[in-house]
Amino acid sequence: IEKLQMLYEGKAKKVYKTSHEDQYIVEYKDDATAFNGEKKGTITNKGIVNNQMTALIFSILKEQGIDNHYIETLSDREMLVKAVKILPVEVILRNAAAGSIAKRLGLEEGKIFKTPVLEFCYKNDALGDPMINEDHVMVLELATEEEIKAIKVLTIKINDVLKKFFIEKNLKLIDFKLEFGLYKGQVILADEISPDTCRLWDVHTNEKLDKDRFRRDLGNVEESYQEVLSRLKG
Ligand code: C5P
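Residues numbered from 1 in each chain as written. Predicted model: local features only at pLDDT ≥ 70, side-chain atom pairs only at ≥ 80, totals over all residues.

**With respect to the pairing of strand β3 (residues 23-28)**
Here comes step 1: In this sheet, β3 lies alongside strand β2 (residues 13-18) in antiparallel orientation, the contact comprising five bridges. Bridge pairing links Lys13 to Tyr28 in β3.
Here comes step 2: Hairpin connection, β2 to β3: the antiparallel pair is bridged by four residues.
Here comes step 3: Relative to strand β7 (residues 78-82), β3 is paired through five bridges, and the arrangement is antiparallel. Residue pairing across strands places Gln23 opposite Lys82, the latter belonging to β7. (Pairing = 2+ DSSP bridges. Helix = DSSP H or I, 4+ residues; strand = E, 2+ residues; numbered from the N terminus.)

Below, the structure written as structure tokens:
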């Protein structure tokens, strides 16, 4: 397969066309941003960790019947994916309070929710990805009612699979962000699942092993990304 022109460059990844019109190549970068791009930096080898972790998790999800864009790994930073059209909705699932919900609702970080909390954000950098509800999704025509229904069902299933998988690796899945896309008329999981997009805490110590180490200047950022990957592979 041939890598052709770059289609899109995001904060953490580049997407390329390929000689196959139904397939793209995603390249993972070490660039890190937080707080809507206000804080910038690099996390050495983050791109390699996120590429491997996404490949591993998307393969497990596939085995569990959850279709996604991952096809195969091409190099340490590149994967071949289905050419999906990303829906401009970020889906956040929270099993416990942390980050923006803790701040917004005055909750103690780590408080476990009785049932998962689902949130939607409008994927729009200029607006800072504002939180929206399903009515907003409809009036902005970001997705259809059927697509949103499918996204909700898939997100709950993904949470069930991931929570079980992570806990076996002594990691608590606090929350995560997903993106979905359309491929041949179907809604499928796309983007990545990595320490950039999940909050993962050590099950015994509650040590944060995710991007919060970068956001909050907690130190050992690279080491934490490597630790997550080695636990998942172990
Ligand atoms: O910041 P907040 O608490 O809303 O983040 C919830 C979850 O979504 C976290 O796991 C965070 O890493 C992820 N997230 C993301 N990309 C964004 C916003 C949040 O991956 N643009």
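Still more ground to cover, so stick around.
**Details of the confidence of the model for the chain**
Here comes step 1: Confidence in the prediction of the chain, expressed as mean pLDDT, is 98, and 100% of residues score 70 or more.
Here comes step 2: Two summary scores accompany this predicted model of the complex, namely pTM at 0.98 and ipTM at 0.98. (pLDDT = per-residue confidence, 0-100.)

**Some words on the pairing of strand β12 (residues 186-190)**
Here comes step 1: Sheet analysis places strand β11 (residues 171-183) next to β12, joined by five bridges and oriented antiparallel. Of the residues in β12, the one forming a bridge with Gly181 is Ile188.
Here comes step 2: Here β11 folds back onto β12, and the loop between the two strands holds two residues, one of which, Lys184, carries a positive phi near 50 degrees.

**Focus on helix α1 (residues 46-63)**
Here comes step 1: For α1, spanning 18 residues, the distance from its first C-alpha to its last is 26 Å, which sits close to the expected 26 Å at 1.5 Å a residue.
Here comes step 2: Turning to α1, its buried residues are Lys46, Gly47, Val49, Asn50, Asn51, Met53, Thr54, Ile57, Phe58 and Leu61.
Here comes step 3: Note on α1: the residue one or two positions beyond its end, Gly65, has a positive phi of about 85 degrees. (Expected span 1.5 Å × (residues − 1). Buried ≥ 20, exposed ≤ 12 C-beta atoms within 10 Å, placed from the backbone.)

**Some words on the sheet that holds β7**
Here comes step 1: Taken together, five strands build an open sheet; the order of strands is β1-β2-β3-β7-β6 and the sheet is antiparallel. Whereas interior strands pair on both sides, the edge strands pair on one side only; in this sheet they are β1 (3-9) and β6 (70-73). Across the sheet, the mean angle separating the axes of adjacent strands is 30 degrees when strand polarity is ignored.
Here comes step 2: Across three bridges, β6 lies against β7 in antiparallel orientation. Residue pairing across strands places Thr73 opposite Met79, the latter belonging to β7. (Axes fitted to C-alpha atoms, helices over the stretch in contact; angles between N-to-C directions.)

**Considerations on the site of the ligand**
Here comes step 1: In the region of the ligand, 15 residues are neighbours, and Gly99, Ser100, Lys177, Thr197 and Arg199 sit closest.
Here comes step 2: Of all the secondary-structure elements, those providing two or more residues to the shell around the ligand are β8 (85-96), α2 (99-105), β11 and β13 (198-202).
Here comes step 3: A per-class count over the shell around the ligand returns five nonpolar, three polar and seven charged. (Near = placed C-beta within 6 Å. Nonpolar A, V, L, I, M, F, W, Y, C, P; charged D, E, K, R; others polar.)

**Quick notes on unusual backbone geometry**
Here comes step 1: Phi angles above zero are rare outside glycine, and Asp191 is one such case at about 60 degrees.
Here comes step 2: Positionally, Asp191 belongs in the loop between β12 and β13.
Here comes step 3: Here Asp191 falls in the buried class, since 24 other C-beta atoms lie within 10 Å of it.
Here comes step 4: In the Ramachandran plot, Asp217 falls in the positive-phi region, its phi being about 50 degrees despite a non-glycine side chain.

**Considering the UniProt feature "domain: SAICAR synthetase/ADE2 N-terminal" (unreviewed entry) in the chain**
Here comes step 1: Within the UniProt annotation, "domain: SAICAR synthetase/ADE2 N-terminal" (unreviewed entry) is assigned to residues 7-231.
Here comes step 2: When the span residues 7-231 is considered, its composition is 31% helix and 36% strand, and the gap between its end C-alpha atoms is 34 Å. (UniProt positions renumbered as here; feature names shortened; annotations may be inferred.)

**Here we look at the domain arrangement of the chain**
Here comes step 1: Taken domain by domain, the chain comprises domain 1 (3-82) and domain 2 (85-220).
Here comes step 2: Relative placement of domain 1 and domain 2: their C-alpha centres are 17 Å apart.
Here comes step 3: Contact with domain 1, which involves 20 residues of that partner, is made by 18 residues of domain 2.
Here comes step 4: If you list the elements that add at least two residues to the side of domain 1 that touches domain 2, you get β4 (31-34), β5 (39-42) and α1.
Here comes step 5: For the side of domain 1 that touches domain 2, a count of residues per class yields 10 nonpolar, seven polar and three charged. (Domains from an automatic or database assignment. Contact = placed C-beta atoms within 7 Å.)

**Observations concerning the packing of α1 against helix α6 (residues 221-233)**
Packed helix pairs are specified by the crossing angle of their axes together with the interaxial distance, meaning the distance between the axes.
Here comes step 1: One way to put it is that α1 packs onto α6 with a least axis distance of 10 Å and a crossing angle of 30 degrees. Considering the angle they form, α1 stands roughly parallel to α6. Of the two elements, α1 crosses α6, and the hand of that crossing is left-handed. For the pair formed by α1 and α6, the contact residues are Lys46, Val49, Gln52, Met53 and Leu56 on the first element and Tyr225, Gln226, Val228, Leu229 and Leu232 on the second. (Parallel < 35°, antiparallel > 145°, perpendicular 65-115°, else oblique. Left-handed = near helix turned anticlockwise from the far one by under 90°.)

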